[in-house]
Amino acid sequence: MYHGKVSDGSVQRGEACHAWKIVTEGREAECASAAGPCDADPDKVNSYRAELSGILGGIAFAIILLRHHDLTVKEGTDIAVYCDNLSAVNKIAEKTILVGVKHHSIPEYDLIDCIFQLLKTHNFPVDPRHVKGHAVGR
């Protein structure tokens, strides 16, 4: 059975948002979806942060949903996480907890660390996958 999460982020004129969907094989409609703002300094917000916010939101919701229903991910199953930002996909694929002072200075450390901590703490296996996105005006 296929399970996956799709997320996207957007930035325009200093405002950013994200959205995500959780889908399951055999269903045309998503199981759950949400959208929201991306917290950031308007002068520094970027698509990488918006995309990571969507990844974080979907993963957090999936973990809460599983815990609420007292479910676990079947052994050997990875949850596909689709995103059109290759840098975000590659960072999540590292699956490395960031420790030490030097890591606090990497871009969007707060979101990356939160994602990694959730994955580790809840033993939530993901398979990050890049998908082609769109470019407005190109």
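Please read these numbers as outputs of a predicted model, since none were measured by experiment.

About the cut-offs
Residues numbered from 1 in each chain as written. Predicted model: local features only at pLDDT ≥ 70, side-chain atom pairs only at ≥ 80, totals over all residues. Heavy atoms only, no water. Phe/Tyr/Trp six-rings, centres within 6.5 Å; stacked < 30°, edge-to-face > 60°. Helix = DSSP H or I, 4+ residues; strand = E, 2+ residues; numbered from the N terminus. Buried < 20%, exposed > 50% of the residue type's maximum accessible area, 1.4 Å probe, protein only. Axes fitted to C-alpha atoms, helices over the stretch in contact; angles between N-to-C directions. Parallel < 35°, antiparallel > 145°, perpendicular 65-115°, else oblique. Left-handed = near helix turned anticlockwise from the far one by under 90°. Contact = heavy atoms within 4.5 Å. Nonpolar A, V, L, I, M, F, W, Y, C, P; charged D, E, K, R; others polar.

**Concerning the packing of aromatic side chains**
Right, so step 1: Counting across every chain of the model gives one aromatic pair.
Right, so step 2: The interplanar angle of 35 degrees and the centroid separation of 5.1 Å between the aromatic rings of W20 and F61 together place this pair among those described as tilted. Within this pair, whereas W20 is found in strand β2 (residues 15–24), its partner F61 is found in helix α1 (residues 47–68), the two being separated by 41 residues in sequence.

**Overview of unusual backbone geometry**
Right, so step 1: In the Ramachandran plot, R13 falls in the positive-phi region, its phi being about 50 degrees despite a non-glycine side chain.
Right, so step 2: By the secondary structure assignment, R13 is in the loop between β1 (3–12) and β2.
Right, so step 3: Despite not being glycine, D70 has its phi angle at roughly 55 degrees, a positive value.
Right, so step 4: Within the secondary structure, D70 sits in the loop between α1 and β4 (79–83).
Right, so step 5: Accessibility expressed as a relative area gives 71% for D70, which makes it exposed.

**Some words on the packing of α1 against helix α3 (residues 109–121)**
Right, so step 1: Running from N to C, α1 and α3 cross one another at 25 degrees; their axes reach a closest spacing of 10 Å. Here α1 lies roughly parallel to α3, going by the angle between them. The crossing of α1 and α3 is left-handed. Residues Y48, R49, L52, S53, I55, L56, I59, A60 and I63 of α1 pack against D110, L111, I112, C114, I115, L118 and L119 of α3.
Right, so step 2: Grouping the constituent residues of the contact of α1 with α3 by class yields 13 nonpolar, one polar and two charged.

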